[in-house]
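Examination of the molecular architecture
Below are the chains, spelled out letter by letter.
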Amino acid sequence: MLPFSLERANSIEAAIAVAASGGRFIAGGTTLVDLMRDEVERPARLIDINSLPLEGIRVEGQELVIGALARMSEVAANADVRRHHPLIAESLIEGASPQIRNLASMGGNLLQRARCPYFRMLDAPCNKRTPNSGCSALHGLNAGSAILGTSDYCVATHPSDVAVALVALEATMRVRGPKSERTFPVEQLFRLPNDTPHLEHTILPSELIMDIRVPIGPRGQNARYLKVRDRASYEFALVSAAVALTQENGLLKHVRIAVGGVGTKPWRLQSCEAALIGKKLDRESIEQAAQLSLRGTRPLEHNHYKVDLLPRTIVRALEMAGGLS
Ligand SMILES: Cc1cc2nc3c(=O)[nH]c(=O)nc-3n(C[C@H](O)[C@H](O)[C@H](O)COP(=O)(O)OP(=O)(O)OC[C@H]3O[C@@H](n4cnc5c(N)ncnc54)[C@H](O)[C@@H]3O)c2cc1C
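Residues numbered from 1 in each chain as written. Predicted model: local features only at pLDDT ≥ 70, side-chain atom pairs only at ≥ 80, totals over all residues. Heavy atoms only, no water.

**Details of the overall build of the protein**
Going by this rule: Each helix is a run of DSSP H or I of at least 4 residues and each strand a run of E of at least 2, with the numbering of both proceeding from the N terminus. Restricting the calculation to C-alpha atoms gives the radius of gyration, and the globule rule supplies 2.2 Å times the number of residues raised to the power 0.38. For each residue, the accessible area found with a 1.4 Å probe, counting protein chains only, is set against the maximum for its type, and the residue is called buried under 20%, exposed over 50%, and partly exposed in between. Any pair of residues with heavy atoms lying within 4.5 Å of one another is described as a contacting pair. Methods summary: accessible areas were calculated by the Shrake-Rupley approach with a probe of 1.4 Å, and residue burial reflects only the protein chains presented. The charge count treats Lys and Arg as positive and Asp and Glu as negative. His and the chain ends do not count. Where a charge lies is defined by one atom per residue type: Lys uses NZ, Arg uses CZ, Asp uses CG and Glu uses CD.
Secondary structure summary: the protein contains eleven helices and twelve strands in total. In terms of overall size, the protein behaves like a compact globule, its C-alpha atoms giving a radius of gyration of 19 Å where 325 residues would be expected to give roughly 20 Å. Structurally, the protein occupies a C-alpha span of about 60 × 50 × 35 Å along its principal axes. Out of the 325 residues in the protein, the part that is buried amounts to 54%. Across the protein, every contact between residues at least 6 apart in sequence was considered, and the portion connecting residues at least 24 apart equals 64%. Total accessible area on the protein stands at roughly 14,200 Å², and carbon and sulfur atoms take up 51% of it. Computing the positive centroid from 38 side-chain charges and the negative centroid from 34, the protein places the two 1 Å apart.

Here's what the structure looks like:
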């Protein structure tokens, strides 16, 4: 591990000022410290943001507001989260381990970096770690790689579970920078790799995530997260699906579907959603819609199984959310 300095921020403004001059925020450290140990990340100056007032979970009008420093375990156990958005709790409990969830913050979760093995292997080319060095996964071990949103520069999947749930729930996030504050959909936080896979997010290093805001409404009540993985806990998704829906007179009025483990970012499936609106939620309509998830997929040598697994996972998640099983 390379030498670095660590300072505690006393105010939001001070933290942002240090970040604007090259410092790096650290919250739970469960991603950043790992990457620093491996020398994949090499920040010289860390700003500990844990004493900033970015904690807490509350209901504000028709929004559930989750502070950026709220811990994964705290959010998963919170009564308001469970009442209004059980999907968020479900996706968090399916992630990492209890020890990590106790330390890991929501802001850090959204900004966690790729889990592609080559990203952490300093002697292997990786465009995400070292721009223009090449992508080892493209023709290497790519069983865990993405099939949607990939480029010839990068095929790494986006790893966060709760990000998939937040995209399905049309959550927004509030960030503050040196000059201003802005709020935008969580879905817009993530970039496609294209030819710059080292740039993963649309926020600047000097922008601090303040909170995450999730609209409260009936669709939060019929929402489920299904995560398929190699083992039952402490494992990232091979494929996951977050579904939120409402029905009226036996027909689908509203449906949102996002998937994880298959895309280079949390992947919203608008074509599947459009195919389901106004339909009766039965096996036939679900299976037809789920097949549309395969449009634009680009499987690699070892991850063809995701082409079978993706529509099946969506079918099952829709059945669960719609109370069909
Ligand atoms: C073994 C292991 C298994 C895991 N399994 C899963 C899993 O199955 N599913 C899953 O979703 N996740 C999983 N994770 C990832 C885990 O959820 C993240 O490591 C954690 O959420 C990151 O939060 P943190 O507070 O520790 O972030 P940190 O490590 O402190 O920070 C991560 C990044 O976010 C930035 N940052 C932190 N807070 C802010 C803020 N408020 N504003 C701006 N930037 C900020 C930091 O600068 C850094 O770049 C796993 C992690 C480990 C180590």
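Here the narrative resumes, following the displayed structure.
**Re the state of the cysteines**
Cut-off, in case you're wondering: What counts as a disulfide here is a pair of cysteine sulfur atoms lying within 2.5 Å.
Considering all chains together, one arrives at zero disulfides under this definition. Free of any disulfide, Cys116 has its nearest neighbouring cysteine sulfur in Cys126, separated by 6.1 Å.

**Examining a nonpolar patch on the surface**
Defined as follows: Candidates for patches are residues over 30% relative accessible area with no salt bridge; among them, like charges are joined within 9 Å and nonpolar side chains (Val, Leu, Ile, Met, Phe, Trp, Tyr) within 5 Å. Think of a salt bridge as a Lys or Arg side-chain nitrogen and an Asp or Glu carboxyl oxygen that are within 4 Å of each other.
A contiguous nonpolar patch, built from Met1, Phe4 and Leu6 and spanning about 300 Å² of accessible area, is present on the exposed surface. The residue Phe4 is located in the segment before β1 (5-8) in this model.

**A word on the pattern of salt bridges**
Oppositely charged side chains are able to pair whenever their charged atoms sit close together. Applying the stated rule across the entire model yields 31 salt bridges. When the shortest N-O distance is used, the salt bridge between Arg176 and Glu13 registers 3.4 Å. With Arg176 in strand β6 (residues 172-176) and Glu13 in helix α1 (residues 12-20), this pair connects stretches of sequence that are 163 residues apart. Put simply, Glu13, Arg58, Glu60, Glu63, Arg174, Arg176, Glu181, Asp211 and Arg213 are held in one network by salt bridges that share partners.

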